Amino acid sequence: MFTVASLWIPFTVTAAMGQVARNAMQRQLTGPLGTWGATNIRFLFGFPFAILFFLGVLAATGDRVPWPAPAFWPWLLLGALCQIVATGLMLLAMNERSFVVTTAYIKTEAIQTAIFGFVFLGDDLTVSKVIAIVIATVGVVVTALRPGGAKGFSDWRPTMIGLVSAAAFALSANGYRGAIITIEGTSFVTAATYTLVFGLFVQTLILTIYLLARAPGVLKAIMGLWKPSLLAGFMGAFASQFWFLAFALTAAANVRTLALVEVLFAQAVAYYSFKQPISSRELAGIVLIVIGVGLLVAV
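Residues numbered from 1 in each chain as written. Predicted model: local features only at pLDDT ≥ 70, side-chain atom pairs only at ≥ 80, totals over all residues. Heavy atoms only, no water.

Caption draft 1: Expanded view of the overall build of the protein chain. A count of helical and extended segments in the protein chain gives 13 helices and zero strands. For the protein chain, the N- to C-terminal ordering of α and β elements is α-α-α-α-α-α-α-α-α-α-α-α-α. In the protein chain, once contacts between residues fewer than 6 apart in sequence are set aside, the share between residues at least 24 apart is 87%. In the form shown here, the protein chain has an accessible surface area of approximately 13900 Å², with 71% of it arising from carbon and sulfur atoms. (Helix = DSSP H or I, 4+ residues; strand = E, 2+ residues; numbered from the N terminus. Contact = heavy atoms within 4.5 Å. Areas by Shrake-Rupley, 256 points an atom, 1.4 Å probe, with all protein chains shown as cover.)

Encoded structure:
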């Protein structure tokens, strides 16, 4: 029987699909805006949509939202700042010779999310869940690796970049969940959307100040490309809305593991849109992802 508590499953799948679309839109803007300019789009243009989502939720639920408790702010800042750091490290990985290896280490995010959630939030971590997370993560790593890519595993630099980036993403997910569950007296939808508004505000403020100080011309270029940026911002806010709804209902590790289905969506796009064949290695990775995700949902 489908319950409210199990809504995290369709929420996560919807968020993963939205993220694939947002990434495609951002990728088209990286050329004229640079990596940080394209990254800021998801915050700068996503923030107004988050406010609209929040107003719509309040109108639909009639909830009254109190000012956040003191415990809300450390969790929120952990989520927002770690996401920026993780993104920066991921961008740095793109310039690494061992990019494939670094990416493989970044895919350990789900495992680290489970560990941090258990340590800091007391999330349930059963043997079955651990097995499911490990299987799905191995599947993603297998899918991400390319022929000859394993040569860089002996190099400490891509190892550190990948693991630290994954840790930052994991801390970010748990930080947002920690912030959401501190909000009491409202529906989970309101708590999630409330946290999203504050999170995007912090990130927009930080990155906009950074660009003003270091690359003011990029902000001008962003405004000149407001039409495609607006759509990318909407998709970013849309995906984040459903990530946060999922975080409100279950452990961040469950969400981030199920989110690995994003790899399946990306493979489907590559196959059907760009006619790129799927190798036996990629097929093996996909099978592992499906097994791991299926086991996670089953338990």
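Let us keep going from here.
Caption draft 2: Here's a closer look at the side chain of Q112. Considering the arrangement of structural elements, one finds Q112 in helix 5 (residues 109–121). Beyond its immediate sequence surroundings of up to four residues, Q112 is in contact with L163, A166, A167 and A170.

Caption draft 3: Molecular detail of the nonpolar core. L76, I180, W243, F244 and F247 are the most contacted members of the largest nonpolar core, which totals 46 residues. Ranked by the residues each element gives to this core, the list is headed by helix 8 (residues 188–214), at nine residues. In this view, L76 contacts G175, Y176, A179, T195, F198, G199 and V202; residues no more than four positions away in its chain are not counted. (Core = buried A, V, L, I, M, F, W, Y, C linked by side-chain atoms within 4.5 Å. Buried < 20%, exposed > 50% of the residue type's maximum accessible area, 1.4 Å probe, protein only.)

Caption draft 4: Local environment of the pattern of salt bridges. The full count for this structure, using the stated rule, is two salt bridges. Measuring nitrogen to oxygen at the nearest pair gives 2.8 Å for the salt bridge that ties R256 to E109. Highlighted residues: R256 in helix 11 (residues 252–258) and E109 in helix 5, separated in sequence by 147 residues. Accessibility assignment for this pair places R256 and E109 in one class, buried. The shortest N-O distance in the salt bridge between D123 and R177 comes to 3.8 Å. Of this pair, D123 sits in the loop between helix 5 and helix 6 (127–144) while R177 sits in helix 7 (residues 156–180), and the two are 54 residues apart along the sequence. Of the two residues, D123 and R177, both sit in the buried class. (Salt bridge = Lys/Arg side-chain N within 4 Å of Asp/Glu carboxyl O.)

Caption draft 5: Seen up close, the packing of aromatic side chains. Counting across every chain of the model gives 18 aromatic pairs. Pairing W67 with W73 gives two aromatic rings, centres 5.7 Å apart and planes at 45°, and the pair type is tilted. Relative accessible area serves as the criterion here: at 64%, W67 is assigned to the exposed category. The class for W73 is partly exposed, based on a relative accessible area of 27%. With a centroid separation of 5.1 Å and an interplanar angle of 85°, the aromatic rings of W73 and F198 are classed as edge-to-face. Taken together, the residues span a long stretch of sequence, with W73 in helix 3 (residues 72–93) and F198 in helix 8 at a distance of 125 residues. The class for F198 is buried, based on a relative accessible area of 17%. Lying across the ring of W243, R256 places its NZ or CZ 4.7 Å from the centre. (Phe/Tyr/Trp six-rings, centres within 6.5 Å; stacked < 30°, edge-to-face > 60°. Lys NZ or Arg CZ within 6 Å of the ring centre and 35° of its normal.)

Caption draft 6: Structural view of the packing of helix 1 (residues 8–44) against helix 8. Where helix 1 contacts helix 8, the axes come no closer than 15 Å and their chain directions differ by 15°. With respect to each other, helix 1 and helix 8 are oriented roughly parallel. In terms of crossing hand, the pair formed by helix 1 and helix 8 is right-handed. The residues of helix 8 that touch helix 1, namely those facing F11, W36, G37, T39, N40, R42, F43 and L44, are F188, L200, Q203, T204, L207, T208, Y210 and L211. When grouped by side-chain class, the residues that make up the contact of helix 1 with helix 8 number nine nonpolar, six polar and one charged. (Axes fitted to C-alpha atoms, helices over the stretch in contact; angles between N-to-C directions. Parallel < 35°, antiparallel > 145°, perpendicular 65-115°, else oblique. Left-handed = near helix turned anticlockwise from the far one by under 90°. Nonpolar A, V, L, I, M, F, W, Y, C, P; charged D, E, K, R; others polar.)

Caption draft 7: Region of the structure containing the packing of helix 1 against helix 2 (residues 46–61). It is the contact of helix 1 with helix 2, at a shortest axis distance of 5 Å, that shows an interaxial angle of 15°. Here helix 1 is positioned roughly parallel relative to helix 2, judged by the angle of their axes. Between helix 1, through I41, R42, F43 and L44, and helix 2, the contact on the second element is made entirely by G46, F47 and P48. For the contact of helix 1 with helix 2, a count of residues per class yields five nonpolar, one polar and one charged.

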